[in-house]
Amino acid sequence: MADPSTCPPLTPEAVRTAHSVIKPYVYQTPVFTSKTLNRIASTPNPDNVGAAKPVFRLYFKCENLQKIGAFKARGAFHALLRLCSEMGIEAVRTRGVTTHSSGNHAQALALAASTLDIPAHIVMPSISTPSKIDGTQAYGARVIFSGSTEPERVSVVQEVIAETGAILVPPYDHPDIILGQGTASLELEEQVVELLANQSRDHDTLKKEHPLDAVITPLGGGGLLAGSATYFSGTPSTRVFGAEPSFQGGDDGRRGLAAGSRISEVRTLTIADGLRTPMGEINWTVISDQNKVSGLFAVTEDQIKVAMKLVLERMKLVIEPSAAVPLAVILFDEEFRAIVEKEGGEKGWDVGVVFSGGNTTVEAIYKLYADS
């Protein structure tokens with residue numbers, strides 16, 4: 001990868017620059033709203049005594065409709081274009097690139113490499129969703145299989161580098177990746193401003209340059225959350241939150257904050273397969289900064305399934321389990337809901353929710369809900 005010491009600083013201005021670099025290569029995905037989900041999210045949970053009574057207006061950034069079906073296209077294109085700018089594209093073509101990923105970054109790097117005519121060697125866990133494997137191979141990448149844990153993936157990547165001389169493009173722990181992923185939140189804010197300007201409703205939000213009270217994204221390796229926090233670091237009126245699965249210790253970010261240090265290994269088989277990785281070191285420096293990220297919350301497998309089903313049935317959108325985790329926090333986490341109730345009051349909060357991806361299959365969805 002490009003030497004981190006030569007990378008742009010993690011600032012809102014650098015996210016804007018990254019956006020100008022990748023704009024020709026990625027989609028500006030839509031922002032959707034749902035009155036039904038606003039109503040459901042704003043209804044107290046009947047099973048909880050003294051449940052919070054927050055008021056939500058939700059704005060969903062649909063990165064499930066991004067190229068390769070996930071936000072990862074943003075970081076992959078930015079990182080690869082920056083690498084070519086620094087080393088020269090012919091030097092990169094001669095060596096090729098490699099990475100490890102359960103699927104979304106795999107497809108993203110495969111697409112970016114194919115677009116720029118660069119060989120790609122992608123290490124994927126053997127238990128990856130078949131459609132993600134097929135998608136990666138469809139872009140001409142060579143796929144090498146590994147175990148599912150981070151150490152197993154990294155070990156195979158090292159073998160690939162020794163064999164081919166390929167350049168590593170990390171899935172999340174690099175400034176160029178973080179800045180690329182942050183462009184989703186830049187677009188989200190701009191689109192909400194435009195959306196509200198086109199609505200004829202009497203609300204203080206219409207007068208705001210920065211209308212979002214909060215943004216919440218999934219947290220796995222941390223690129224998307226760190227990128228979002230970087231973009232909004234210059235906007236104190238918009239708080240940034242992260243959402244994780246709690247299954248088998250998948251909430252390493254939350255546990256790391258409680259312990260005061262980053263957790264470097266995670267072994268979870270949560271249905272949110274895109275969030276099975278530990279937080280990266282660079283991402284930790286951003287996410288552990290309370291001035292940039294206001295809190296991390298975790299939800300159960302069943303809560304993720306409920307949120308995913310609501311999106312499918314109410315919004316008619318296909319998202320993968322990882323993408324449903326932030327909505328599950330909004331619906332079920334009483335601590336988060338209490339924050340919104342206390343600070344939003346009767347007016348409530350305008351909250352941006354990033355649907356990180358939609359790479360699942362009919363068969364996978366059937367298995368998730370077969371016993372429901």
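The numbering scheme is per chain: residues are counted from 1 as the chain's sequence reads. Where totals are concerned, whole chains, interfaces and linings use all residues; where local detail is concerned, this predicted model gives features only for residues with pLDDT of at least 70, and gives and counts side-chain atom pairs only at 80 or more. Based on all heavy atoms of the structure, the side-chain values leave hydrogens and waters out of the count.

By the naming in an unreviewed UniProt entry, the protein chain goes by Tryptophan synthase beta chain-like PALP domain-containing protein and is assigned to Aspergillus versicolor CBS 583.65. UniProt positions are given in the numbering used here, feature names are shortened, and annotations may be inferred rather than shown by experiment. You can read under Cofactor (unreviewed entry) in the UniProt record for the protein chain the words "pyridoxal 5'-phosphate". Listed under Sequence similarities (unreviewed entry) in UniProt, the entry text for the protein chain is "Belongs to the serine/threonine dehydratase family."

J.: Outline empty space enclosed by the protein, listing residues and values.
T.: Method remark: on a 1 Å grid restricted to protein atoms, a set of points is classed as a cavity if a 1.4 Å probe fits but cannot get out and as a pocket if it is open with protein on both sides within 12 Å along at least five of seven lines; lining residues have an atom within 4 Å of a point. Grid points are joined across faces, edges and corners, and a volume is the space filled by probe spheres set on the points. Scanning the model with the defined rule gives three cavities of 30 Å³ or more in all. The residue classification treats Ala, Val, Leu, Ile, Met, Phe, Trp, Tyr, Cys and Pro as nonpolar and Asp, Glu, Lys and Arg as charged. All others, Gly included, are polar. By residue class, the composition of the lining of the largest cavity is seven nonpolar, 15 polar and six charged. Counting residues domain by domain, the lining of the largest cavity receives three or more from each of domain 1 (4-70 + 182-369) and domain 2 (71-168). There is about 50 Å³ of room inside the second largest cavity. A domain assignment, automatic or from a database, supplies the domain bounds used here.

J.: Quick one: what's the story with the sheet that holds strand β3 (residues 97-100), residue by residue and with numbers?
T.: At least two DSSP bridges between two strands are needed for those strands to be called paired. Starting at the N terminus, helices and strands are each numbered in turn, a helix being any DSSP run of H or I of at least four residues and a strand any DSSP run of E of at least two. Taken in spatial order, the four strands make up an open sheet running β5-β4-β3-β6, and their pairing is parallel. For this open sheet the edge positions go to β5 (142-146) and β6 (167-168), each flanked by a neighbour on one side alone.

J.: Mind laying out the packing of helix α3 (residues 72-87) against helix α8 (residues 175-197), listing which residues take part and the relevant values?
T.: Simply put, an axis is a line fit to the C-alpha atoms, just over the touching stretch for a helix, and the angle between two N-to-C directions goes from 0 to 180 degrees. It is the contact of α3 with α8, at a shortest axis distance of 7 Å, that shows an interaxial angle of 135°. In terms of orientation, α3 lies oblique with respect to α8. Taken as a pair, α3 and α8 cross one another with a handedness that is right-handed. Note on element contacts: α8 touches α3 through Asp176, Ile177, Leu179, Gly180, Gln181, Thr183, Ala184 and Glu187, opposite Lys72, Arg74, Gly75, Ala76, His78, Ala79 and Arg82. With respect to orientation, any angle under 35 degrees is reported as roughly parallel, any angle over 145 as roughly antiparallel, any angle of 65 to 115 as roughly perpendicular, and every other angle as oblique. Handedness of each helix crossing follows the sense of rotation of the near helix against the far helix: counterclockwise by less than a right angle gives left-handed, clockwise gives right-handed. The contact criterion used is simple: two residues touch if any of their non-hydrogen atoms lie within 4.5 Å.

J.: Can you lay out the domain arrangement of the protein chain for me, pointing to particular residues and giving the numbers?
T.: Per the domain assignment, the segments making up the protein chain are domain 1 (4-70 + 182-369) and domain 2 (71-168). A separation of 26 Å is found between the C-alpha centroids of domain 1 and domain 2. Listed by partner, the interface residues are 33 residues for domain 1 and 25 residues for domain 2. Each of two parts loses accessible area, computed with a 1.4 Å probe, when they are put together; buried area is these two losses added. Across the interface of domain 1 and domain 2, roughly 2,300 Å² is buried in total on both sides, 62% from carbon and sulfur atoms.

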